[in-house]
Amino acid sequence: MSALKDRLRADLTTAMKARDEVRSSTLRMVLTAVTNAEVAGKEHRELSDDDVIGVLSTEAKKRREAAAAFGEAGRTEMAEKETAEAAVIADYLPAQLSEEEIADLVTSAIAQSGAAGEGMRAMGKVMGMIQPQVKGRADGGAVAAEVRRQLGA
């Protein structure tokens with residue numbers, strides 16, 4: 001079993017004992033998502049820490065998007081709940097990259113791939129090089145936007 005999954009379970013027990021409703025419900029939700037990912041497909045498999053981070057990133061993105069949607073609809077109470085859940089999930093994710101760090105990674109990937117003069121045709125090649133480096137540490141949309149900007153689209 002992955003160390004991160006063990007930590008999530010231990011923290012869930014602690015949150016339940018402390019009667020921390022937001023934390024315990026969020027951790028339950030995350031552990032359910034991890035279990036669903038383990039049983040998805042034809043056969044059950046144990047997720048590695050990297051796989052669990054991928055599930056956590058997906059869940060965090062769902063919370064951010066839901067908070068934005070609730071905020072736009074004027075449902076501040078629901079937006080605050082989603083934001084609080086996203087904050088709990090963020091505790092288990094690696095430190096997020098800054099915009100400058102993303103820009104530096106994109107610049108070096110463009111230089112390594114020789115995609116500088118190819119324009120948008122090189123987008124897939126550059127994204128393929130960057131994705132493993134930023135997995136769980138940056139939003140894919142932000143990375144794609146930076147690649148587009150640097151490729152001149």
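Everything quoted here is computed from the prediction, not taken from an experiment. (Residues numbered from 1 in each chain as written. Predicted model: local features only at pLDDT ≥ 70, side-chain atom pairs only at ≥ 80, totals over all residues. Heavy atoms only, no water.)

1. Re the packing of helix α1 (residues 3-17) against helix α3 (residues 49-72)
Taken N-terminus to C-terminus, the directions of α1 and α3 make an angle of 55 degrees; their axes are 7 Å apart at the nearest point. One element, α1, and the other, α3, form an angle in the oblique class. When α1 is examined against α3, the residues A3, L4 and L8 are found in contact with a partner set consisting of D49, V52, I53 and L56. Taken together, the residues of the contact of α1 with α3 sort by class into 6 nonpolar, no polar and 1 charged. (Axes fitted to C-alpha atoms, helices over the stretch in contact; angles between N-to-C directions. Helix = DSSP H or I, 4+ residues; strand = E, 2+ residues; numbered from the N terminus. Parallel < 35°, antiparallel > 145°, perpendicular 65-115°, else oblique. Contact = heavy atoms within 4.5 Å. Nonpolar A, V, L, I, M, F, W, Y, C, P; charged D, E, K, R; others polar.)

2. Considering unusual backbone geometry
One non-glycine residue with positive phi stands out, namely R19, at about 55 degrees. Counting through the fold element by element, R19 comes out in the loop between α1 and α2 (21-39). The class for R19 is exposed, based on a relative accessible area of 70%. (Buried < 20%, exposed > 50% of the residue type's maximum accessible area, 1.4 Å probe, protein only.)

3. Examining the side chain of E38
Topologically, E38 is positioned in helix α2. In this view, E38 contacts K5, E43, H44, R45, E46 and L47; residues no more than four positions away in its chain are not counted.

4. Here we look at a negative patch on the surface
A cluster of like negative charges, contributed by E99, E100, E101 and D104, occupies part of the molecular surface. Mapped onto the secondary structure, D104 falls in helix α5 (residues 99-113). (Patch = residues over 30% accessible without salt bridge, like charges linked within 9 Å, V, L, I, M, F, W, Y side chains within 5 Å. Areas by Shrake-Rupley, 256 points an atom, 1.4 Å probe, with all protein chains shown as cover. Salt bridge = Lys/Arg side-chain N within 4 Å of Asp/Glu carboxyl O. Lys, Arg positive; Asp, Glu negative; His and termini not counted. Charge placed at Lys NZ, Arg CZ, Asp CG, Glu CD.)

5. Description of the pattern of salt bridges
Counted according to the given criterion, the structure contains 11 salt bridges. The salt bridge partner of K81 is E85, with a shortest N-O separation of 3.1 Å. One end of the pair is K81 and the other is E85, both in helix α4 (residues 76-90) and 4 residues apart, which spans about a single turn. When salt bridges that share partners are traced, they join E59, K62, R63, K81, E82 and E85 into one network.

6. Describing the confidence of the model for the chain
Model confidence for the chain is summarised by a mean pLDDT of 87, while 99% of its residues fall at 70 or above. Within the chain, no element has a lower average pLDDT than helix α6 (residues 123-134), which sits at 83, and none a higher one than α2, at 93. (pLDDT = per-residue confidence, 0-100.)

7. A word on the packing of α6 against helix α7 (residues 140-151)
Axes are the key here: two packed helices are described by the angle between their axes and the distance separating the axes. The geometry of α6 relative to α7 is characterised by a closest axis approach of 11 Å and an angle of 140 degrees between their N-to-C directions. In terms of orientation, α6 and α7 fall into the oblique class. The crossing of α6 and α7 is right-handed. Counting all contacts with α6, which are made through M123, V126, M127, I130 and V134, the residues of α7 involved are G140, V143, A144, V147, R148 and L151. Among the residues making up the contact of α6 with α7, the classes are represented as 9 nonpolar, 1 polar and 1 charged. (Left-handed = near helix turned anticlockwise from the far one by under 90°.)

8. Section: the environment of K62
Structurally, K62 is set in helix α3. Between the C-alpha atoms of K62 and L97, which are 35 residues apart in sequence, the distance is 19 Å.

9. Observations regarding α2
Compared with the 27 Å implied by 1.5 Å per residue over 19 residues, the 27 Å span of α2 between its first and last C-alpha is a close match. Among all positions of α2, only S24, T26, L27, V30, L31, A33, V34 and E38 are buried. Residues of α2 that are buried sit in contact with α1, α3 and α4. Residue G41 follows α2 closely and has a positive phi angle near 95 degrees. (Expected span 1.5 Å × (residues − 1).)

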